[in-house]
Amino acid sequence: MEIKGVDRVGITHEVIACFAANQLDIIGMEVKPHYIYVKIPAVPPSQITTIMEMITQVKGIEQARMIPYLPAEERENRIHTILTTVSEGILLLDDQLRVTTINRAAQAMLNMEPEQLLHHSIEKLWGEAAIEIQRCLHEAIELPSVQVNLVIGQKLPISYICSYHPIIPEEKSERQGVVIVLRDNKQIQELLSTVQRNECFTFEEIVQQSENMRKCIETAKRVAKSDATVFLQGESGTGKELFARAIHFESSRPTGPFVPINCAAIPDALLESELFGYEQGAFTGATKGGKLGLFEIAQGGTLFLDEIGDLPLHLQAKLLRVLEERKVRRVGGSKPIPIDVRIIAATNRNLSEMTSRGQFREDLYYRLHVIPIMIPPLRERKGDIPMLAQFFMNKVCRATNQPMMQVAHSAIRALQAHHWPGNVRELQNVMERTVYLCPSNEIQAQNLYLDIQQDSSGTDPLSSLPSSHLLREQMDSYEKRLLMQALKEHSSIRQAATYLGISHTAVLQKMKKYGLSYT
Ligand SMILES: Nc1ncnc2c1ncn2[C@@H]1O[C@H](COP(=O)(O)OP(=O)(O)OP(=O)(O)O)[C@@H](O)[C@H]1O
């Protein structure tokens with residue numbers, strides 16, 4: 001019942017007396033300025049009318065009417081509906097960090113019944129990570145995104161992204177408790193991978209018909225289902241990344257993220273924090289709240305470490321430790337975070353030779369070299385060339401809405417005679433260029449735009465002079481040759497950069513500018 005009236009000392013007492021006079025129990029009550037709300041048991045309507053008449057006789061009472069719920073009950077119903085319909089897990093804690101409410105989503109995410117949590121301290125489940133919740137409560141600060149790995153039962157730790165919000169009643173400074181908003185990291189990653197269009201890729205999409213490629217695919221398929229570390233070797237452009245993707249999607253973790261990282265393309269200074277993440281305040285400029293490393297991002301999925309030979313020695317040691325302990329420590333952090341990540345590493349360099357020269361750690365080499373797969377260069381599988389050429393040509397024709405074209409025998413012979421230093425990537429470029437420039441629907445040998453310059457197979461890059469008289473072009477040409485020479489003589493892009501006296505990123509930019517790859 002809602003009773004409206006003036007604010008007068010004693011008015012509530014007089015209203016209660018009316019209920020007592022009618023032998024009516026009061027089950028619940030709420031008072032706020034101008035209003036008294038009373039909850040009573042179900043009674044016949046005639047009795048309600050009598051009591052309402054009596055209440056309106058009280059001095060200062062303007063009106064009494066029946067309402068289905070007390071305002072507090074209504075608020076609670078609304079909150080309950082919100083809590084049961086949101087997809088985030090919600091846990092409400094009191095000022096002793098005991099669980100007072102747990103919504104349906106949190107029960108499902110944690111795979112726990114309410115009675116296993118209600119009235120228990122969250123510290124039992126959160127372990128060391130509860131320090132952050134205590135901080136949120138005592139310092140009354142919000143912690144927007146914290147990764148927490150929880151061990152529930154005897155299972156492997158599950159990673160959650162949590163945010164902690166202090167409950168501070170309006171106009172009061174005492175803290176009432178904490179709200180934990182819980183998100184399943186795996187779900188976030190699955191969402192991320194759809195956003196990043198980590199499209200499914202299968203072995204069937206790797207175009208091939210040669211015996212040596214068939215064997216490679218057979219091996220890769222056989223090991224895909226296990227969690228064993230795969231080590232892909234092959235020259236640049238042979239399809240190592242395609243293999244890594246196909247292995248991931250054929251593995252037992254296809255819905256997990258596939259996270260590729262090119263160790264050569266990331267500047268030294270950033271590589272460590274990219275891979276392992278960092279804690280808040282780890283260094284000047286570190287993002288508030290810290291940063292997830294790629295190992296953490298790849299939880300439940302695959303981390304593809306491309307160009308692993310370019311990983312600096314000090315990070316090789318850290319990587320080895322992560323692979324052995326299956327735990328990662330963020331930069332500036334000491335807490336080990338368990339990881340469940342499958343590793344696929346790739347290189348176009350001779351790592352075993354680098355090991356004997358002390359440029360790559362032997363122990364890491366053997367840790368990665370569990371299942372080696374050597375992808376042959378294109379010149380050693382010429383049988384694949386006709387199929388690949390037709391495949392790339394069809395792809396361009398389809399993308400540009402042109403009628404399909406054919407590759408004549410003369411063109412196939414020319415393609416098979418080529419040395420292909422850039423492997424399949426180079427063939428793809430040649431076919432694309434040819435489709436755009438060929439005047440007829442059938443490509444003959446003379447229509448092919450083969451990169452003869454790159455097909456030098458042993459000629460001295462510094463021997464020929466640039467044909468242009470323009471200073472800019474001559475300088476570019478000279479710079480390209482110096483760069484090619486440095487890359488040829490040094491075993492990593494980083495070392496070539498040190499030799500040339502420029503930064504690693506500058507070398508990468510110049511390689512991109514001149515279309516050079518590192519082999
Ligand atoms: N067998 C194949 N079938 C279809 N496309 C291929 C095949 N092999 C390579 N490609 C294409 O060639 C290009 C280079 O392949 P990819 O990036 O996998 O090579 P990579 O060995 O990882 O090169 P890098 O060492 O330079 O990173 C990609 O565009 C890929 O789609």
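From a predicted model like this one, the values you see are computed outputs, not experimental measurements.

S.K.: Honestly, the overall build of the chain in this entry has me stumped. Any pointers?
M.R.: Within the chain one finds 21 helices and 18 strands. A total of 519 residues make up the chain; the buried ones form 29% of that total.

S.K.: Looking at this model, I keep getting lost on the packing of helix α20 (residues 493–500) against helix α21 (residues 504–513). Mind explaining?
M.R.: Packed helices, taken two at a time, are described by the angle their axes make and the gap between the axes. Where α20 contacts α21, the two axes come as close as 8 Å, and the packing angle between them is 105°. With respect to α21, the element α20 is oriented roughly perpendicular. Mapping the contact onto sequence places Ile 493, Arg 494, Ala 496, Ala 497 and Leu 500 in α20 and His 504, Ala 506, Val 507 and Leu 508 in α21. Its residues assigned to classes, the contact of α20 with α21 shows 7 nonpolar, 1 polar and 1 charged.

S.K.: Hey, could you run me through the sheet that holds strand β9 (residues 177–184) in this one?
M.R.: Working definition: the strands of a sheet are paired by backbone hydrogen bonds and lie parallel or antiparallel to each other. Strand order across the open sheet formed by 5 strands is β6-β5-β9-β8-β7, with antiparallel pairing between neighbours. Strands at the two margins of the open sheet, each flanked by one partner only, are β6 (99–102) and β7 (143–150). Neighbour-to-neighbour, the strand axes of this sheet turn through a mean angle of 25°, independent of strand direction. Both strand β5 (residues 89–94) and β6 contribute to a ladder of 3 bridges, which runs antiparallel. Bridge pairing links Leu 92 to Thr 101 in β6. This element, helix α7 (residues 130–139), spans β7, β8 (158–167) and β9 of the sheet and lies at about 15° to β8.

S.K.: When you look at the site of the ligand in this model, what are you seeing that I'm missing?
M.R.: Residues in close proximity to the ligand total 17 residues, the closest being Ser 236, Gly 239, Lys 240, Glu 241 and Val 424. Elements with a contribution of two residues or more to the shell around the ligand: α10 (240–250) and α18 (423–437). A domain-level breakdown of the shell around the ligand finds at least three residues from each of domain 3 (198–374) and domain 4 (378–447).

S.K.: For this particular structure, what's the right way to read unusual backbone geometry?
M.R.: With the exception of glycine, most residues fall at negative phi, and the peptide bonds are largely trans. Here the phi dihedral of His 34 falls at roughly 75°; this positive angle occurs in a residue that is not glycine. Within the secondary structure, His 34 sits in the loop between β2 (28–32) and β3 (35–39).

S.K.: How do you make sense of the packing of helix α1 (residues 11–21) against helix α2 (residues 45–57) when you look at a structure like this?
M.R.: Close contact between α1 and α2 brings their axes to 10 Å; oriented N to C, the two are set at 150°. Between α1 and α2, the crossing angle belongs to the class labelled roughly antiparallel. Here the hand of the crossing between α1 and α2 comes out right-handed. Here Val 15, Cys 18 and Phe 19 of α1 lie close against α2, whose contacting residues are Ile 51, Met 54 and Ile 55. Across the contact of α1 with α2, the residue classes tally to 6 nonpolar, no polar and no charged.

S.K.: Help me out: how do you make sense of the nonpolar core in this one?
M.R.: Across soluble globular proteins, nonpolar side chains have a tendency to be buried as a group. Ranked by internal contacts, the top residues of the largest apolar core, which has 53 residues, are Leu 232, Phe 295, Leu 303 and Ile 344. No other element matches α10, which puts 5 residues into this core. Among all residues touching Ile 344, those that are not within four sequence positions of it are Val 230, Leu 232, Ala 244, Ile 247, Thr 302 and Phe 304. Counting residues in each nonpolar core, the second largest holds 22 residues, with Leu 91, Leu 110, Val 148 and Ile 158 among its members.

S.K.: How should I be thinking about the sheet that holds strand β12 (residues 302–306) in this particular structure?
M.R.: Pairing within the open sheet is parallel, and its 5 strands lie in the order β11-β12-β15-β10-β16. What marks the edges here is a single partner per strand, and that holds for β11 (258–262) and β16 (371–374). Averaged over all pairs of adjacent strands, the angle between their axes in this sheet comes to 20°, without regard to strand direction. Relative to strand β15 (residues 342–347), strand β10 (residues 230–233) is paired through 4 bridges, and the arrangement is parallel. Note that in β15 the partner of Val 230 across the bridge is Ile 344.

S.K.: Just to check I follow, could you spell out the confidence of the model for the chain for this structure?
M.R.: Note: predicted coordinates in regions of low pLDDT should not be interpreted at a detailed level. Residues with a pLDDT of 70 or more make up 90% of the chain, whose mean pLDDT is 85. Mean pLDDT in the chain bottoms out at helix α8 (residues 185–195), which sits at 54, and peaks at β10, which reaches 97. A low-confidence stretch, residues 192–197 stays under pLDDT 50, and its non-local contacts, those more than four residues away or across chains, total 4 contacts. Residue range residues 454–467 is modelled with pLDDT below 50. Its contacts to residues more than four positions away, or to other chains, number 14 contacts.

S.K.: It is not clear to me how the environment of Gly 422 should be interpreted in this structure. Could you clarify?
M.R.: With respect to the element layout, Gly 422 can be found in the loop between α17 (409–417) and α18. Overall, Gly 422 belongs to the buried group, with 24 C-beta atoms counted inside 10 Å. Taking the C-alpha atoms as reference, Gly 422 lies 9.0 Å from Leu 516; in sequence the two are 94 residues apart.

S.K.: Would you mind going over α20 with me for this structure?
M.R.: In an α-helix there are 3.6 residues to a turn, and that puts residues three or four apart on one side. All buried positions along α20 are accounted for by Ile 493, Ala 496 and Ala 497. An end-on view of α20 places all buried positions within 100° of arc, on one side of the element.

S.K.: Teacher, can you tell me more about the pairing of β5 here?
M.R.: In the case of a regular strand, side chains alternate between the two sheet surfaces. In β5, alternate side chains face the same way, and those of Gly 89, Leu 91 and Leu 93 are buried while those of Ile 90, Leu 92 and Asp 94 on the opposite face are not. Two strands pair when backbone bridges link them, and β5 and β9 are joined in this way by 6 bridges, in the antiparallel orientation. Following the sheet pairing, Ile 90 is matched in β9 by Val 181.

S.K.: Would you mind going over the environment of Val 435 with me for this structure?
M.R.: Relative to the elements of secondary structure, Val 435 occurs in helix α18. In the structure, Val 435 is positioned 31 residues away from Met 404 in sequence and 9.8 Å away in space, judged by C-alpha atoms. Once you skip the residues sitting within four places of it in the chain, Val 435 turns out to touch Met 393, Val 396, Cys 397 and Met 405.

S.K.: Is there a simple way to explain the environment of Pro 257 in this structure?
M.R.: Of note, Pro 257 is situated in the loop between α10 and β11. With 24 C-beta atoms counted inside 10 Å, the residue Pro 257 sits in the buried group. Taking the C-alpha atoms as reference points, Pro 257 and Gly 300, separated by 43 residues in sequence, lie 7.0 Å from one another.

About the thresholds
- Residues numbered from 1 in each chain as written.
- Predicted model: local features only at pLDDT ≥ 70, side-chain atom pairs only at ≥ 80, totals over all residues.
- Helix = DSSP H or I, 4+ residues; strand = E, 2+ residues; numbered from the N terminus.
- Buried ≥ 20, exposed ≤ 12 C-beta atoms within 10 Å, placed from the backbone.
- Axes fitted to C-alpha atoms, helices over the stretch in contact; angles between N-to-C directions.
- Parallel < 35°, antiparallel > 145°, perpendicular 65-115°, else oblique.
- Contact = placed C-beta atoms within 7 Å.
- Nonpolar A, V, L, I, M, F, W, Y, C, P; charged D, E, K, R; others polar.
- Pairing = 2+ DSSP bridges.
- Near = placed C-beta within 6 Å.
- Domains from an automatic or database assignment.
- Left-handed = near helix turned anticlockwise from the far one by under 90°.
- Core = buried A, V, L, I, M, F, W, Y, C linked by C-beta atoms within 7 Å.
- pLDDT = per-residue confidence, 0-100.
- Arc of directions from axis to C-beta.

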